Amino acid sequence: MLLEPAPAKVNLYLHVTGRREDGYHLLDSLAVFGPAADALQAVPAETLSLSLEGPFGDALVAEADNLVLRAARALLPEGVMHGAALRLTKCLPVASGIGGGSADAAAALRLLNRLWATGLDEAALAALAAPLGADVPVCVASRPAVMQGIGELIRPAPTLPECGLLLVNPRVPLATPAVFRARQGGFSPPAVLPESWPDAAAMATDLARLGNDLEAAALSLCSPIGEVLAALRGQPGCLLARMSGSGATCFGLFATPAEAETAARAMPSTWWASGGGLYGARPVSLHPGPVGV
Ligand SMILES: C[C@@](CO)(OP(=O)(O)O)[C@H](O)COP(=O)(O)OP(=O)(O)OC[C@H]1O[C@@H](n2ccc(N)nc2=O)[C@H](O)[C@@H]1O
Ligand SMILES: Nc1ncnc2c1ncn2[C@@H]1O[C@H](COP(=O)(O)OP(=O)(O)O)[C@@H](O)[C@H]1O
């Protein structure tokens, strides 16, 4: 059996820098990963199948074409058939601005590349990822990165300090296209970032000068976002609170993972909350070997 985590993507800032002729928006965003994740497991099988479990598995039962299966098909060259019994443990809220579906698709590419011994490198997987969704390429490596274009231009992030992140979602799904449609105002310039930040406080000071250009539009469609941001800002040690992606999930930035975990326990039980550290910035393996046989 093979296992891949599919960590949440969090946009620490998100500037809309322009709009393409096809309607897609040009973005400039610092994406980081964690502190919550879906998990994808695979065992060899004759045919391709997907089962769902976990707290948000039911939300995807009616999904006709799960991104995991679309990713699996994208990996198979024309006319080639391989099977796998996939099991997705859905822990991330659906349609929530933390790219859960994109993370699952990227995890499927990594997992099946191993199971089927397709032998593609990260760049080749990212190229297959782009048609699956604007957020899927950055999820292939699931390392902190600056995303530009519509998400296909990816470069390494500044070196990040130790920090904690708390994700909070009011359990209200928000569709990405609706948020882009509701956005008003012009465009922002891309951010100028340093090579590294000495600590979380310095990072928060710089990030506070930037913004999420989708936050006002999301708030106009989903007022609980305002309550979530207020609750985050009221937590001891919260250095910055902001919405991720197209919402409605918001994040709080803390100096340590422990502070974020403590703040998670203070959130109302009617909301979804997850606190901890980042993937990729600390030594957490995204590519665990086979577990069991
Ligand atoms: C906004 C972001 C920021 O990271 O995050 P999420 O809120 O989804 O997590 C992403 O760009 C979302 O990426 P993803 O969710 O993969 O988007 P897609 O499925 O490709 O596109 C859904 C729809 O969103 C709009 N869209 C998406 C990306 C983009 N750069 N410009 C857009 O205008 C388009 O209307 C598109 O039809
Ligand atoms: N494995 C999946 N997980 C989540 N959503 C999926 C998945 N497969 C397909 N989808 C579809 O993609 C849409 C966007 O999902 P998601 O990635 O969770 O949004 P966001 O990027 O805003 O967090 C969902 O509303 C759902 O219809």
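Not measured: the values here are computed from a predicted model.

## Here's the deal with the domain arrangement of the protein
Okay, so step 1: Assigned domains within the protein: domain 1 (2-156) and domain 2 (164-276).
Okay, so step 2: Placing the centre of domain 1 and that of domain 2 at their C-alpha centroids yields a distance of 22 Å.
Okay, so step 3: Of all the secondary structure elements, the ones that give two or more residues to the side of domain 1 that touches domain 2 are β1 (2-19) and β2 (25-43).
Okay, so step 4: In terms of residue count, the dominant contributor to the side of domain 1 that touches domain 2 is β1 (10 residues).
Okay, so step 5: Of the residues belonging to the side of domain 1 that touches domain 2, the class tally is 12 nonpolar, 10 polar and 1 charged.

## Observations regarding the sheet that holds strand β7 (residues 164-169)
Okay, so step 1: Strand order in this open sheet of 4 strands is β8-β9-β7-β10, and the pairing throughout is antiparallel. Both outer strands of the open sheet, β8 (240-243) and β10 (272-276), are each paired with one neighbouring strand and no more. Along the sheet, successive strands turn relative to each other by an average axial angle of 15°, direction set aside.
Okay, so step 2: Where β8 lies against strand β9 (residues 250-254), 4 bridges are found, and the strand directions are antiparallel. The residue bridging L240 from the neighbouring strand is L253, located in β9.
Okay, so step 3: Together, β7, β9 and β10 form the strand contacts of helix α9 (residues 257-265), whose direction differs from that of β10 by roughly 160°.

## Describing the nonpolar core
Okay, so step 1: Core analysis: the biggest nonpolar cluster contains 86 residues, and L109 and L166 have the highest contact counts within it.
Okay, so step 2: Of the residues that make up this core, three or more belong to each of domain 1 (2-156) and domain 2 (164-276).
Okay, so step 3: Discounting chain neighbours no more than four positions away, the residues touching L109 are A71, L75, L125, L128, A129 and V140.

## A word on the UniProt feature "domain: GHMP kinase N-terminal" (unreviewed entry) in the protein
Okay, so step 1: Feature annotation in UniProt assigns "domain: GHMP kinase N-terminal" (unreviewed entry) to the following positions: residues 66-141.
Okay, so step 2: Counting secondary structure, residues 66-141 comes out at 51% helix and 8% strand; the distance between its end C-alpha atoms is 21 Å.

Conventions and cut-offs
- Residues numbered from 1 in each chain as written.
- Chains lettered and ligands numbered in written order.
- Predicted model: local features only at pLDDT ≥ 70, side-chain atom pairs only at ≥ 80, totals over all residues.
- Domains from an automatic or database assignment.
- Helix = DSSP H or I, 4+ residues; strand = E, 2+ residues; numbered from the N terminus.
- Nonpolar A, V, L, I, M, F, W, Y, C, P; charged D, E, K, R; others polar.
- Pairing = 2+ DSSP bridges.
- Axes fitted to C-alpha atoms, helices over the stretch in contact; angles between N-to-C directions.
- Contact = placed C-beta atoms within 7 Å.
- Core = buried A, V, L, I, M, F, W, Y, C linked by C-beta atoms within 7 Å.
- Buried ≥ 20, exposed ≤ 12 C-beta atoms within 10 Å, placed from the backbone.
- UniProt positions renumbered as here; feature names shortened; annotations may be inferred.

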